[in-house]
Amino acid sequence: MNKQKKETIEKLLNKIKEYHPKADLDMIQLAYDFAASAHEGQKRRTGEPYITHPLAAAHILADTQIDPVIIIATLLHDVPEDTSVTLEDIKKNFGSEVESLVRGITKLGKLKYRGVERYIENLRKMFIAMAEDVRVMIIKFADRIHNLRTLDAMPPQKKYRIALESLEIYASIANRLGMEEIKGELEDLSFKYVYPKDYERVKKIRDEKIIGKKQYLKNVIEKTEKAFQEAHVKIISIQGRNKRLYSLYKKLLKKENSVAKIYDLVAIRIIVPTIADCYATLGILHHTFKPLKGRIKDYISQPKPNGYKSLHTTVFGESGENVEFQIRTSEMHQDAEYGVAAHWHYNEYGSRSQKKDIEWIKELANIQKDMLDKLTDLEQMKIDFLQTRIFVFTPKGDVIDLPEAATPVDFAYHIHTEVGNKCNGALINDTMVSLDTELKNGDVVEIILDKNRKGPNPDWLNFVKTATAKNHIRTNQKNKLTNWIKSMLPNK
Ligand code: MN
C-alpha cells in the first residue's frame, strides 16, 4: 500500500463510478465538501489538513467496492465529534440512514485510555454499536487503518497502545467477520509497532525467500496455464500472492521458526467460474504436479468457521520445491477478501449483491461473548495497555519502552527472541543483578548471553510482565514438550 500517494476526491469518485456506474456521485461530492468545510482549519498531527483523514478512510473502503452510503458516512464520520456541525445537520443534508451510521461512529468516541474500567466500557460500546449495525464497525476499521498508517506522528506510548489494541481487538473482530483484507492490513500495520524487532526479522526472511522464488513461480504459473489450455478449462485469473507478514510470524512461532515448514509463503491463487471448475482444477493440478500428502484441504465442502471457502493443495514444482495453490470461484473470492462487507458490494452492473441467509448476524452474539471473555481474563492486556510505561536504555543508548516493573528478561525478549532465550544474567547500571529485578526509568540494561543455553527457564513466567516474553517462554516450553513426546514414541 502506498501511503505517499495523494488521495483526492476526484480519484474517489472515479473509483466508485467504476464499480457502481449508477452511484449518486453528486451526493458523495457534497458529503466531501460538507466535511471539508466543517473541518476547515483543523490539522492532523501529521500537519496535513484534517479532511485528508476521512478522505483516505473513504478510499480504503472504495477499494473494497462498498455501498456509496457507507462512503458518505465515512467522509462525515468525524464531523459531529470534532466540529460545531451536529447530527441533526447531517440528517437534514444526507438523510437518516447516513445520520444513523455517523451517530454509531460518534457514539464510539475517540480513543481514550482512562483506566481499565473505562476501556472495557468503550469496548462494550463498540460491540453494541456493531450489533446494531455492522456497517459502523466497517467504517471504524477504515478509520483505524488510516490512523495506523499515520501512526508515526503519535507519541511513543500512544503508538504502542493503539497498535496493540488494533492487533488484539480490531484484527480479531475483522477476522471473525471474515474480512481477510482488512484483517491483514490491521495486523501488518500494527505488527511493526507492537513487535518491532520481530517485524524486521520476519520481513527479511520473507523478502529473501520471495526474491529467490520469483522465477520458479513464473515457471509454475506458465506450466499451469498450459495444462489448463490443454484441458480446455477456463481460468478467470491466476496469480501469485505473498503471505502476509504477521500471519507468517505467527506460523513461524508455531513451526519452531523453521521457514522450510511453511508451505504457503507464496501461494498461487486460481479463480475459476464455477464450483465444478474448482474440483476440475484440482484434478488438473494433481495431474501436472505431484501433490504433497496430507496438504489437500477442501474448505468448499467444509468451510472454515468464519465462512472461508476454497480448495487448497500443496504440490511439488519442478525443482522439488513446494508451492500452495488456492482454488476458488469469484464469489468465494469476494467473500474471502471482504467478508461481511461483501453484503454491501456492488457488482459490475451496479446492483447490490443479494446474499442468501445472513449467518453473520447470529455470529455477532458469539463474537461479543468471545471478546468479552478474552477481556475479563485479560490481565495481560491491562498491563500492556494501561500501566505506566518506563523507558530504559541499551548500553548503546537505544531507548526501550516497557511496562512498569518489567524485568531484564522482558527487556531481553524485547530486543530479540534469541536474546531472551539465551539470556543468562543481567547488569543494571553496570551492577550484576538477578533476572527478576524490577527495572526503573532510565536504567541502562545489559544482557549477558550464554550461547549454549538450551532455552528459557520456565520459572521466568513467575516474574516476567510483557506478553512478548510470556509468549516466547511458553512457546519454547511447548516445543520442548512436543519434542520430548516425539522422542518417546517408537520409531516408525
Ligand atoms: Mn476518524
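Everything numeric here is computed off the predicted structure, so don't read it as measured data.

Basis of the calculations
Residues numbered from 1 in each chain as written. Predicted model: local features only at pLDDT ≥ 70, side-chain atom pairs only at ≥ 80, totals over all residues. Heavy atoms only, no water. Helix = DSSP H or I, 4+ residues; strand = E, 2+ residues; numbered from the N terminus. Buried < 20%, exposed > 50% of the residue type's maximum accessible area, 1.4 Å probe, protein only. Contact = heavy atoms within 4.5 Å. Areas by Shrake-Rupley, 256 points an atom, 1.4 Å probe, with all protein chains shown as cover. Salt bridge = Lys/Arg side-chain N within 4 Å of Asp/Glu carboxyl O. Donors = N, O, S within 2.8 Å, 3.2 Å for Na, K, Ca; no water. Axes fitted to C-alpha atoms, helices over the stretch in contact; angles between N-to-C directions. Parallel < 35°, antiparallel > 145°, perpendicular 65-115°, else oblique. Nonpolar A, V, L, I, M, F, W, Y, C, P; charged D, E, K, R; others polar. Core = buried A, V, L, I, M, F, W, Y, C linked by side-chain atoms within 4.5 Å. Domains from an automatic or database assignment. pLDDT = per-residue confidence, 0-100. Left-handed = near helix turned anticlockwise from the far one by under 90°. Phe/Tyr/Trp six-rings, centres within 6.5 Å; stacked < 30°, edge-to-face > 60°. Lys NZ or Arg CZ within 6 Å of the ring centre and 35° of its normal.

A.B. asks: Pulling in residues and values, what's your account of the overall build of the chain?
C.D. replies: When helices and strands are tallied, the chain shows 19 helices and eleven strands. Split into buried and exposed, the 492 residues of the chain put 52% on the buried side. Across the chain, the fraction of contacts at a sequence separation of at least 24, relative to all contacts at a separation of at least 6, is 67%. For the chain, the accessible surface area stands at approximately 24100 Å², while carbon and sulfur atoms represent 52% of it.

A.B. asks: Which residues make up the pattern of salt bridges, and what are the values?
C.D. replies: All told, the structure shown has 21 salt bridges when counted by the stated rule. Between R244 and E181 there is a salt bridge, with its nearest N and O atoms 3.5 Å apart. Taken together, the positions of R244 in the loop between β1 (237–242) and α12 (245–254) and E181 in helix α10 (residues 180–194) put the pair 63 residues apart, joining distant regions of the chain. R269 is paired through a salt bridge with E337; the nearest N and O atoms lie 3.7 Å apart.

A.B. asks: Give me the coordination of the manganese ion: which residues, what numbers.
C.D. replies: Looking at the manganese ion, one finds its protein donor set to be H53 (NE2), H77 (NE2), D78 (OD) and D143 (OD), positioned 2.1 to 2.3 Å from the metal centre. One chain supplies every donor to the manganese ion, and in sequence these donors are spaced H-x23-H-D-x64-D. Of this pair, H53 sits in helix α3 (residues 52–62) while D78 sits in the loop between α4 (68–75) and α5 (79–82), placing them 25 residues apart in sequence. Side by side, H53 and D78 carry an identical accessibility label, which is buried.

A.B. asks: Which residues make up the packing of helix α11 (residues 196–231) against α12, and what values do they have?
C.D. replies: Running from amino to carboxyl end, α11 crosses α12 at an angle of 95 degrees, the nearest separation of the two axes being 10 Å. The pairing of α11 with α12 is recorded here as roughly perpendicular in orientation. Between α11 and α12, the residues in contact are D198, Y199, R201, V202, K203, I205 and R206 and L245, L248, Y249 and L252, respectively. Classifying every residue of the contact of α11 with α12 by side-chain character gives seven nonpolar, no polar and four charged.

A.B. asks: For the nonpolar core, give the residues involved together with the corresponding values.
C.D. replies: Core analysis: the largest hydrophobic core is formed by 80 residues, its most contacted members being L12, I71, L76 and F141. The two domains that each donate at least three residues to this core are domain 1 (9–178) and domain 2 (199–335). Residues in contact with L76, not counting those within four places in the same chain, are A31, F34, A35, I90, F94, V98 and V102. With 26 residues, the next largest nonpolar core counts Y216, V220, I268 and L282 among its residues.

A.B. asks: Summarise the confidence of the model for the chain; cite the residues concerned and give the values.
C.D. replies: The share of residues in the chain with pLDDT of 70 or more is 82%, and the mean pLDDT across the chain is 83. Model confidence for the chain, summarised as mean pLDDT per element, is weakest for helix α16 (residues 379–386) at 50 and strongest for helix α2 (residues 25–38) at 97.

A.B. asks: Residues and numbers for the packing of α2 against helix α6 (residues 87–108), please.
C.D. replies: Orientation of α2 relative to α6, taken along the N-to-C sense of each, is 160 degrees, at an axis distance of 11 Å. Put simply, α2 runs roughly antiparallel to α6. For α2 against α6, the interelement crossing comes out right-handed. Facing α2, whose interface residues are M27, L30, A31 and F34, α6 presents D89, I90, N93 and F94. Among the residues forming the contact of α2 with α6, the class breakdown is six nonpolar, one polar and one charged.

A.B. asks: Outline the environment of N441, listing residues and values.
C.D. replies: Tracing the chain through its elements places N441 in the loop between β10 (431–433) and β11 (445–449). Residues N441 and F393 lie 48 residues apart in sequence; the distance between their C-alpha atoms is 9.0 Å. Here N441 is in contact with I390 and F391, once residues within four sequence places are set aside.

A.B. asks: Any details on the environment of V134? Residues and values, ideally.
C.D. replies: Structurally, V134 can be placed in helix α8 (residues 134–149). Its relative accessible area of 2% is what places V134 among the buried residues. Considering only alpha carbons, one finds V134 and L101, 33 residues apart in sequence, at a separation of 9.6 Å.

A.B. asks: Tell me about the packing of aromatic side chains, residues and numbers included.
C.D. replies: This structure, assessed with the given rule, holds ten aromatic pairs. Look at F191 and Y195: their rings are 6.5 Å apart centre to centre, the planes differ by 65 degrees, and that puts the pair in the edge-to-face class. Neither F191 nor Y195 differs from the other in exposure class; each is buried. Here the aromatic rings of Y246 and Y249 are separated by 5.8 Å at their centres, their planes lie at 40 degrees, and the arrangement is tilted. Separated by three residues within a single helix, Y246 and Y249 lie in helix α12, roughly one turn from each other. For Y246, a relative accessible area of 10% translates into the label buried. The lysine or arginine in question, R144, covers the ring of Y170, its NZ or CZ lying 4.2 Å from the ring centre.

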